[in-house]
Amino acid sequence: MKKIIILGSTGSIGMQTLDVVRHNREDFCVLALTGGKNTERMAEQICEFSPKYAVMKDEQTAGELQEILREKGYSQENSTGTSQGSTCEVLWGMEGFVQVSVLPEADVVVAAMVGMVGLRPVMEAISAGKDIALANKETLVTAGHIIMKLAKEKGVRILPVDSEHSAIFQALNGEKKEQAEVLYLTASGGPFRSYSRQQLEAVTKKQALAHPNWLMGPKITVDSATMINKGLEIIEATWLFDMDLDHVKVVVQPQSIIHSMVGFRDGAVLAQLGVPDMRLSIQYALYYPERIYLDGERLDFEKIGQIQFEKPNTDVLRGIPLAVEACRAGGSMLTVMNAANEYAVSKFLSEDIKFLEIYDMIEFAMRQHKIIDNPSLDEILQVEAETCDRLKKKWNFV
(Lines give C-alpha, C1' and ligand atoms only; values in the text may rest on other atoms or scores of the structure.)
Protein backbone atom coordinates (compact mmCIF):
# COMPACT_ATOMS: atom_id res chain seq x y z
CA MET A 1 0.00 0.00 0.00
CA LYS A 2 1.34 3.41 -0.98
CA LYS A 3 0.85 5.93 1.83
CA ILE A 4 -0.08 9.35 0.46
CA ILE A 5 -0.65 12.90 1.67
CA ILE A 6 -2.85 15.21 -0.39
CA LEU A 7 -2.17 18.92 0.00
CA GLY A 8 -5.28 20.66 -1.32
CA SER A 9 -7.72 17.74 -1.21
CA THR A 10 -10.84 19.93 -1.41
CA GLY A 11 -9.80 21.54 -4.69
CA SER A 12 -10.25 20.21 -8.22
CA ILE A 13 -6.98 18.26 -8.46
CA GLY A 14 -7.32 17.01 -4.89
CA MET A 15 -10.82 15.68 -5.50
CA GLN A 16 -9.76 13.96 -8.71
CA THR A 17 -6.80 12.43 -6.86
CA LEU A 18 -9.21 11.01 -4.30
CA ASP A 19 -11.30 9.61 -7.16
CA VAL A 20 -8.22 7.70 -8.35
CA VAL A 21 -7.77 6.43 -4.78
CA ARG A 22 -11.48 5.56 -4.56
CA HIS A 23 -11.16 3.21 -7.52
CA ASN A 24 -7.91 1.65 -6.27
CA ARG A 25 -8.41 1.38 -2.51
CA GLU A 26 -6.23 -1.71 -2.23
CA ASP A 27 -3.22 0.30 -3.43
CA PHE A 28 -3.44 3.48 -1.32
CA CYS A 29 -3.64 4.59 2.27
CA VAL A 30 -4.55 8.27 2.80
CA LEU A 31 -2.54 9.59 5.75
CA ALA A 32 -3.47 13.28 5.62
CA LEU A 33 -5.69 15.74 3.78
CA THR A 34 -5.41 19.52 3.73
CA GLY A 35 -7.89 22.16 2.63
CA GLY A 36 -8.75 25.83 2.79
CA LYS A 37 -12.24 26.88 3.90
CA ASN A 38 -14.49 24.13 2.52
CA THR A 39 -15.23 22.36 5.79
CA GLU A 40 -18.24 20.41 4.52
CA ARG A 41 -16.24 18.85 1.71
CA MET A 42 -13.33 18.07 4.02
CA ALA A 43 -15.69 16.39 6.49
CA GLU A 44 -17.07 14.20 3.70
CA GLN A 45 -13.54 13.25 2.64
CA ILE A 46 -12.55 12.40 6.20
CA CYS A 47 -15.58 10.16 6.65
CA GLU A 48 -14.82 8.34 3.41
CA PHE A 49 -11.03 8.01 3.55
CA SER A 50 -10.25 8.10 7.31
CA PRO A 51 -6.98 10.04 7.28
CA LYS A 52 -4.96 10.34 10.46
CA TYR A 53 -4.77 14.11 10.01
CA ALA A 54 -6.78 16.89 8.40
CA VAL A 55 -5.50 20.45 8.13
CA MET A 56 -7.56 23.58 7.50
CA LYS A 57 -6.54 27.14 6.62
CA ASP A 58 -6.96 28.62 10.11
CA GLU A 59 -8.16 27.90 13.62
CA GLN A 60 -11.72 29.04 12.88
CA THR A 61 -12.23 26.68 9.95
CA ALA A 62 -10.56 23.88 11.91
CA GLY A 63 -13.08 24.43 14.72
CA GLU A 64 -15.94 24.40 12.22
CA LEU A 65 -14.66 21.12 10.80
CA GLN A 66 -14.45 19.53 14.23
CA GLU A 67 -18.03 20.56 14.94
CA ILE A 68 -19.26 19.07 11.66
CA LEU A 69 -17.44 15.81 12.41
CA ARG A 70 -19.07 15.69 15.86
CA GLU A 71 -22.50 16.24 14.29
CA LYS A 72 -21.79 13.42 11.85
CA GLY A 73 -20.81 11.18 14.74
CA TYR A 74 -17.50 10.51 13.06
CA SER A 75 -15.28 7.89 14.66
CA GLN A 76 -12.97 5.13 13.55
CA GLU A 77 -15.72 2.55 13.99
CA ASN A 78 -18.32 4.20 11.72
CA SER A 79 -16.03 5.55 9.00
CA THR A 80 -16.44 4.03 5.55
CA GLY A 81 -12.81 4.45 4.60
CA THR A 82 -9.77 2.35 5.39
CA SER A 83 -9.08 2.27 9.13
CA GLN A 84 -5.96 4.14 10.19
CA GLY A 85 -6.02 2.90 13.79
CA SER A 86 -7.19 6.23 15.25
CA THR A 87 -9.65 9.06 14.79
CA CYS A 88 -8.71 12.06 12.68
CA GLU A 89 -6.67 14.82 14.31
CA VAL A 90 -7.59 18.28 13.01
CA LEU A 91 -4.76 20.82 12.62
CA TRP A 92 -4.62 24.28 11.06
CA GLY A 93 -2.38 26.88 9.45
CA MET A 94 1.05 26.68 7.91
CA GLU A 95 2.37 24.78 10.93
CA GLY A 96 -0.21 22.08 10.29
CA PHE A 97 0.48 21.96 6.54
CA VAL A 98 4.18 21.46 7.20
CA GLN A 99 3.59 18.93 9.98
CA VAL A 100 1.66 16.54 7.75
CA SER A 101 4.00 17.07 4.79
CA VAL A 102 6.86 15.39 6.65
CA LEU A 103 5.05 12.42 8.22
CA PRO A 104 7.74 9.69 8.43
CA GLU A 105 5.49 6.92 7.09
CA ALA A 106 4.43 8.84 3.94
CA ASP A 107 5.63 7.67 0.52
CA VAL A 108 4.39 10.48 -1.70
CA VAL A 109 2.98 13.98 -1.25
CA VAL A 110 0.45 15.18 -3.83
CA ALA A 111 0.99 18.95 -4.08
CA ALA A 112 -2.43 20.14 -5.29
CA MET A 113 -2.68 23.38 -3.29
CA VAL A 114 -3.30 26.46 -5.41
CA GLY A 115 -0.98 29.41 -4.89
CA MET A 116 2.23 30.11 -3.03
CA VAL A 117 0.79 28.68 0.18
CA GLY A 118 2.03 25.33 -1.14
CA LEU A 119 5.68 26.39 -1.39
CA ARG A 120 6.89 25.79 2.17
CA PRO A 121 5.08 22.44 2.68
CA VAL A 122 6.51 21.10 -0.59
CA MET A 123 10.03 22.19 0.32
CA GLU A 124 9.72 20.57 3.75
CA ALA A 125 8.39 17.37 2.17
CA ILE A 126 11.36 17.23 -0.21
CA SER A 127 13.76 17.84 2.68
CA ALA A 128 12.12 14.88 4.44
CA GLY A 129 12.78 12.69 1.39
CA LYS A 130 9.21 12.44 0.08
CA ASP A 131 8.46 11.98 -3.61
CA ILE A 132 6.29 14.83 -4.93
CA ALA A 133 3.36 14.48 -7.35
CA LEU A 134 3.42 18.12 -8.38
CA ALA A 135 0.36 20.08 -9.51
CA ASN A 136 1.25 23.31 -7.70
CA LYS A 137 2.71 25.57 -10.39
CA GLU A 138 3.88 28.28 -8.02
CA THR A 139 6.42 25.95 -6.40
CA LEU A 140 8.65 25.76 -9.47
CA VAL A 141 7.76 29.17 -10.92
CA THR A 142 8.95 31.07 -7.84
CA ALA A 143 11.49 28.66 -6.35
CA GLY A 144 12.62 26.31 -9.11
CA HIS A 145 16.27 27.14 -8.35
CA ILE A 146 15.76 25.88 -4.78
CA ILE A 147 13.37 22.99 -5.43
CA MET A 148 15.27 21.17 -8.19
CA LYS A 149 18.60 21.42 -6.37
CA LEU A 150 17.04 20.19 -3.14
CA ALA A 151 15.26 17.31 -4.87
CA LYS A 152 18.53 16.19 -6.45
CA GLU A 153 20.35 16.36 -3.11
CA LYS A 154 17.63 14.31 -1.37
CA GLY A 155 17.12 11.81 -4.19
CA VAL A 156 13.47 12.83 -4.48
CA ARG A 157 11.39 12.36 -7.63
CA ILE A 158 9.33 15.31 -8.87
CA LEU A 159 6.49 13.65 -10.80
CA PRO A 160 4.47 16.14 -12.89
CA VAL A 161 0.69 16.08 -12.55
CA ASP A 162 -0.23 18.92 -14.92
CA SER A 163 -1.50 17.28 -18.11
CA GLU A 164 1.02 19.14 -20.30
CA HIS A 165 4.08 18.30 -18.24
CA SER A 166 2.87 14.76 -17.69
CA ALA A 167 2.55 14.42 -21.48
CA ILE A 168 6.16 15.55 -21.96
CA PHE A 169 7.28 13.29 -19.12
CA GLN A 170 5.56 10.35 -20.83
CA ALA A 171 6.97 11.24 -24.27
CA LEU A 172 10.49 11.35 -22.82
CA ASN A 173 10.11 8.03 -21.03
CA GLY A 174 12.71 5.67 -22.48
CA GLU A 175 14.37 8.46 -24.47
CA LYS A 176 17.62 10.30 -23.82
CA LYS A 177 16.57 13.72 -22.54
CA GLU A 178 19.58 15.44 -24.09
CA GLN A 179 18.35 14.38 -27.53
CA ALA A 180 15.15 16.42 -27.13
CA GLU A 181 15.32 19.56 -29.26
CA VAL A 182 12.06 21.35 -28.43
CA LEU A 183 9.16 20.94 -26.02
CA TYR A 184 5.71 21.79 -27.38
CA LEU A 185 3.20 22.76 -24.71
CA THR A 186 -0.30 22.59 -26.12
CA ALA A 187 -3.05 24.96 -25.01
CA SER A 188 -6.78 24.92 -25.55
CA GLY A 189 -6.62 28.69 -25.97
CA GLY A 190 -9.32 29.09 -23.33
CA PRO A 191 -12.74 30.65 -23.96
CA PHE A 192 -11.34 33.88 -25.46
CA ARG A 193 -8.75 32.64 -27.93
CA SER A 194 -10.36 34.49 -30.86
CA TYR A 195 -11.46 37.61 -28.94
CA SER A 196 -10.34 41.14 -29.77
CA ARG A 197 -9.20 43.56 -27.08
CA GLN A 198 -12.54 45.35 -27.38
CA GLN A 199 -14.40 42.10 -26.68
CA LEU A 200 -12.17 41.34 -23.69
CA GLU A 201 -13.04 44.69 -22.11
CA ALA A 202 -16.58 43.40 -21.52
CA VAL A 203 -15.69 39.90 -20.32
CA THR A 204 -17.51 38.75 -17.18
CA LYS A 205 -16.47 36.40 -14.38
CA LYS A 206 -19.04 33.86 -15.57
CA GLN A 207 -17.57 33.87 -19.08
CA ALA A 208 -14.01 33.51 -17.80
CA LEU A 209 -14.98 30.49 -15.69
CA ALA A 210 -16.61 28.69 -18.62
CA HIS A 211 -13.61 26.70 -19.86
CA PRO A 212 -14.43 24.84 -23.10
CA ASN A 213 -12.66 21.56 -22.25
CA TRP A 214 -11.22 21.15 -18.75
CA LEU A 215 -12.78 20.95 -15.29
CA MET A 216 -10.52 23.04 -13.03
CA GLY A 217 -10.70 25.31 -9.99
CA PRO A 218 -11.63 29.00 -10.47
CA LYS A 219 -8.10 30.41 -10.17
CA ILE A 220 -6.58 28.05 -12.74
CA THR A 221 -9.59 28.48 -15.03
CA VAL A 222 -9.07 32.25 -15.09
CA ASP A 223 -5.33 31.70 -15.63
CA SER A 224 -6.25 29.61 -18.66
CA ALA A 225 -8.48 32.38 -19.97
CA THR A 226 -5.67 34.97 -19.67
CA MET A 227 -3.09 32.42 -20.96
CA ILE A 228 -0.97 33.15 -17.87
CA ASN A 229 -1.42 29.48 -17.09
CA LYS A 230 0.54 28.57 -20.20
CA GLY A 231 3.22 31.12 -19.33
CA LEU A 232 3.62 29.52 -15.91
CA GLU A 233 3.84 26.11 -17.58
CA ILE A 234 6.67 27.32 -19.83
CA ILE A 235 8.65 28.29 -16.73
CA GLU A 236 7.85 24.97 -15.05
CA ALA A 237 8.98 23.06 -18.11
CA THR A 238 12.40 24.75 -18.11
CA TRP A 239 12.96 23.44 -14.56
CA LEU A 240 11.34 20.02 -14.86
CA PHE A 241 13.11 19.06 -18.07
CA ASP A 242 16.25 21.22 -17.87
CA MET A 243 15.34 22.93 -21.14
CA ASP A 244 16.33 26.40 -22.30
CA LEU A 245 13.48 28.91 -22.48
CA ASP A 246 13.95 29.38 -26.25
CA HIS A 247 13.28 25.67 -26.80
CA VAL A 248 9.88 25.58 -25.09
CA LYS A 249 7.08 26.50 -27.49
CA VAL A 250 3.31 26.91 -27.13
CA VAL A 251 0.85 25.78 -29.76
CA VAL A 252 -2.94 26.07 -29.46
CA GLN A 253 -4.77 22.77 -29.93
CA PRO A 254 -8.41 23.70 -29.27
CA GLN A 255 -9.80 20.17 -28.82
CA SER A 256 -7.32 19.38 -26.01
CA ILE A 257 -6.60 15.99 -27.53
CA ILE A 258 -2.83 16.35 -27.83
CA HIS A 259 -1.66 17.22 -24.34
CA SER A 260 1.92 18.11 -25.35
CA MET A 261 4.75 16.98 -27.61
CA VAL A 262 8.52 16.54 -27.72
CA GLY A 263 10.55 17.25 -30.86
CA PHE A 264 13.86 15.37 -31.14
CA ARG A 265 17.06 16.25 -32.94
CA ASP A 266 16.36 13.72 -35.71
CA GLY A 267 13.08 15.45 -36.58
CA ALA A 268 10.78 12.96 -34.84
CA VAL A 269 7.96 14.34 -32.71
CA LEU A 270 6.40 12.24 -29.95
CA ALA A 271 3.02 13.27 -28.58
CA GLN A 272 0.75 12.05 -25.79
CA LEU A 273 -2.93 12.05 -26.69
CA GLY A 274 -6.06 11.42 -24.67
CA VAL A 275 -9.42 12.81 -23.66
CA PRO A 276 -9.34 15.85 -21.32
CA ASP A 277 -9.27 13.96 -18.01
CA MET A 278 -6.86 15.04 -15.27
CA ARG A 279 -7.16 11.67 -13.58
CA LEU A 280 -4.91 10.19 -16.27
CA SER A 281 -1.90 12.33 -15.36
CA ILE A 282 -2.66 12.03 -11.62
CA GLN A 283 -2.80 8.26 -11.82
CA TYR A 284 0.33 8.11 -13.98
CA ALA A 285 2.26 10.06 -11.34
CA LEU A 286 0.97 7.90 -8.47
CA TYR A 287 1.74 4.59 -10.20
CA TYR A 288 4.83 5.59 -12.19
CA PRO A 289 6.36 3.75 -14.01
CA GLU A 290 3.36 1.37 -14.16
CA ARG A 291 0.17 1.93 -16.13
CA ILE A 292 -3.08 0.51 -14.79
CA TYR A 293 -6.67 0.59 -16.01
CA LEU A 294 -8.51 3.92 -15.80
CA ASP A 295 -12.23 4.04 -16.41
CA GLY A 296 -13.74 6.71 -18.61
CA GLU A 297 -14.05 7.88 -22.20
CA ARG A 298 -11.54 6.85 -24.84
CA LEU A 299 -10.46 8.74 -27.97
CA ASP A 300 -12.48 7.81 -31.04
CA PHE A 301 -10.35 8.90 -34.00
CA GLU A 302 -13.12 8.27 -36.51
CA LYS A 303 -15.33 10.77 -34.72
CA ILE A 304 -12.52 13.30 -34.23
CA GLY A 305 -11.84 13.50 -37.95
CA GLN A 306 -9.12 16.13 -37.69
CA ILE A 307 -6.88 17.79 -35.12
CA GLN A 308 -6.59 21.57 -35.30
CA PHE A 309 -3.58 23.76 -34.47
CA GLU A 310 -3.33 27.53 -34.06
CA LYS A 311 -0.80 30.14 -33.06
CA PRO A 312 -1.55 31.61 -29.61
CA ASN A 313 -3.09 35.08 -29.61
CA THR A 314 -0.34 36.73 -27.55
CA ASP A 315 -1.03 40.27 -28.77
CA VAL A 316 -4.35 40.35 -26.93
CA LEU A 317 -3.99 37.53 -24.38
CA ARG A 318 -0.72 38.72 -22.86
CA GLY A 319 -0.17 36.02 -20.27
CA ILE A 320 2.58 34.20 -22.17
CA PRO A 321 4.75 37.24 -23.03
CA LEU A 322 4.51 38.56 -19.45
CA ALA A 323 5.60 35.20 -18.03
CA VAL A 324 8.41 34.88 -20.57
CA GLU A 325 9.60 38.40 -19.72
CA ALA A 326 9.70 37.48 -16.03
CA CYS A 327 11.55 34.26 -16.81
CA ARG A 328 14.21 36.07 -18.83
CA ALA A 329 14.65 38.59 -16.01
CA GLY A 330 14.95 35.72 -13.54
CA GLY A 331 15.47 35.85 -9.80
CA SER A 332 12.70 37.41 -7.74
CA MET A 333 10.94 38.80 -10.82
CA LEU A 334 9.29 35.39 -11.19
CA THR A 335 7.79 35.75 -7.72
CA VAL A 336 6.53 39.25 -8.54
CA MET A 337 4.84 38.09 -11.74
CA ASN A 338 3.28 35.10 -10.00
CA ALA A 339 2.19 36.99 -6.87
CA ALA A 340 0.73 39.84 -8.89
CA ASN A 341 -1.24 37.41 -11.00
CA GLU A 342 -2.49 35.54 -7.94
CA TYR A 343 -3.60 38.80 -6.33
CA ALA A 344 -5.16 40.16 -9.52
CA VAL A 345 -7.11 36.97 -10.21
CA SER A 346 -8.50 37.00 -6.68
CA LYS A 347 -9.71 40.56 -7.27
CA PHE A 348 -11.23 39.60 -10.62
CA LEU A 349 -13.04 36.66 -9.01
CA SER A 350 -14.42 38.99 -6.34
CA GLU A 351 -15.45 41.31 -9.22
CA ASP A 352 -13.35 44.22 -7.98
CA ILE A 353 -11.43 44.60 -11.26
CA LYS A 354 -12.05 43.95 -14.95
CA PHE A 355 -10.51 41.09 -16.90
CA LEU A 356 -7.87 43.18 -18.71
CA GLU A 357 -6.76 44.75 -15.43
CA ILE A 358 -5.20 41.40 -14.52
CA TYR A 359 -2.50 42.14 -17.10
CA ASP A 360 -2.21 45.76 -15.95
CA MET A 361 -1.59 44.71 -12.36
CA ILE A 362 1.07 42.18 -13.33
CA GLU A 363 2.83 44.65 -15.59
CA PHE A 364 2.75 47.40 -12.96
CA ALA A 365 4.20 45.13 -10.27
CA MET A 366 7.00 43.95 -12.56
CA ARG A 367 7.94 47.52 -13.55
CA GLN A 368 8.23 48.55 -9.88
CA HIS A 369 10.45 45.67 -8.77
CA LYS A 370 14.21 45.58 -8.24
CA ILE A 371 15.39 42.03 -8.88
CA ILE A 372 17.00 39.85 -6.21
CA ASP A 373 19.17 37.13 -7.77
CA ASN A 374 18.74 33.59 -6.38
CA PRO A 375 16.28 34.61 -3.64
CA SER A 376 15.97 32.48 -0.50
CA LEU A 377 12.60 31.14 0.66
CA ASP A 378 12.26 34.00 3.14
CA GLU A 379 13.07 36.54 0.41
CA ILE A 380 10.54 34.92 -1.94
CA LEU A 381 7.80 35.18 0.69
CA GLN A 382 8.79 38.76 1.50
CA VAL A 383 8.66 39.75 -2.19
CA GLU A 384 5.24 38.13 -2.46
CA ALA A 385 3.93 40.19 0.47
CA GLU A 386 5.49 43.41 -0.85
CA THR A 387 3.99 42.85 -4.30
CA CYS A 388 0.48 42.40 -2.90
CA ASP A 389 0.88 45.49 -0.69
CA ARG A 390 2.05 47.56 -3.66
CA LEU A 391 -0.95 46.51 -5.75
CA LYS A 392 -3.34 47.08 -2.88
CA LYS A 393 -2.14 50.68 -2.52
CA LYS A 394 -2.05 51.40 -6.25
CA TRP A 395 -5.60 50.10 -6.82
CA ASN A 396 -6.91 51.58 -3.55
CA PHE A 397 -8.07 48.32 -1.99
CA VAL A 398 -8.66 48.43 1.76
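Further up the page is the structure itself.
What counts, and where the lines are drawn
Residues numbered from 1 in each chain as written. Predicted model: local features only at pLDDT ≥ 70, side-chain atom pairs only at ≥ 80, totals over all residues. Heavy atoms only, no water. 1 Å grid on protein atoms, 1.4 Å probe; cavity = no way out; pocket = protein on both sides within 12 Å on 5 of 7 lines; lining within 4 Å. Points joined across faces, edges and corners; volume = space filled by probe spheres on them. Helix = DSSP H or I, 4+ residues; strand = E, 2+ residues; numbered from the N terminus. Nonpolar A, V, L, I, M, F, W, Y, C, P; charged D, E, K, R; others polar. Pairing = 2+ DSSP bridges. Axes fitted to C-alpha atoms, helices over the stretch in contact; angles between N-to-C directions. Contact = heavy atoms within 4.5 Å. Expected span 1.5 Å × (residues − 1). Buried < 20%, exposed > 50% of the residue type's maximum accessible area, 1.4 Å probe, protein only. Arc of directions from axis to C-beta.

This part takes up empty space enclosed by the protein. Scanning the entire structure with this criterion turns up four cavities of 30 Å³ or more. Quantified by volume, the largest cavity comes out at close to 310 Å³. If you go around the largest cavity, you meet 26 residues; those closest to its centre are Ser163, Glu164, Met216, Asn229 and Glu233. Breaking the lining of the largest cavity down by element, the ones donating at least two residues are helix H1 (12-22), helix H7 (163-172), strand S8 (180-187), helix H10 (218-226), helix H11 (228-240) and strand S10 (258-264). The residue inventory of the lining of the largest cavity, partitioned by class, reads 10 nonpolar, 11 polar and five charged. Roughly 90 Å³ of volume is contained in the second largest cavity. Taken together, 13 residues form the lining of the second largest cavity, with Val114, Ala135, Lys137, Glu138 and Ile220 sitting closest to its centre. When contributions to the lining of the second largest cavity are tallied by element, the ones reaching two or more residues are helix H6 (137-154), H10 and H11.

Looking now at the sheet that holds S8. What the four strands build is an open sheet, ordered S9-S8-S10-S11; its pairing is mixed. Only two strands of the sheet have a single partner each, and these edge strands are strand S9 (248-252) and strand S11 (269-273). The mean inter-strand angle of the sheet, taken between neighbouring strand axes irrespective of direction, is 20°. Of the pairings in the sheet, the one linking S8 to S10 comprises five bridges and is antiparallel in character. Bridge pairing in S10 links Val182 to Gly263. Its contacts with the sheet put H7 on S8, S10 and S11, and the angle it makes with S10 is roughly 40°.

Over its 13 residues, helix H3 (residues 59-71) runs 18 Å from end to end, which matches the ideal 18 Å to within 8%, given 1.5 Å per residue. Those residues of H3 not exposed but buried are Thr61, Ala62, Leu65, Ile68 and Leu69. End-on, the buried residues of H3 take up no more than an arc of 120°, which puts them together on one face. The outward face of H3, more than 90 degrees from its buried face, is lined by the exposed residues Glu59, Gln60, Arg70 and Glu71. Where H3 is buried, its residues touch helix H2 (39-49), strand S3 (53-56) and strand S4 (89-92). In the stretch just after H3, Gly73 is the one whose phi turns positive, near 65°.

Keep in mind these numbers describe shape, not what the thing actually does.
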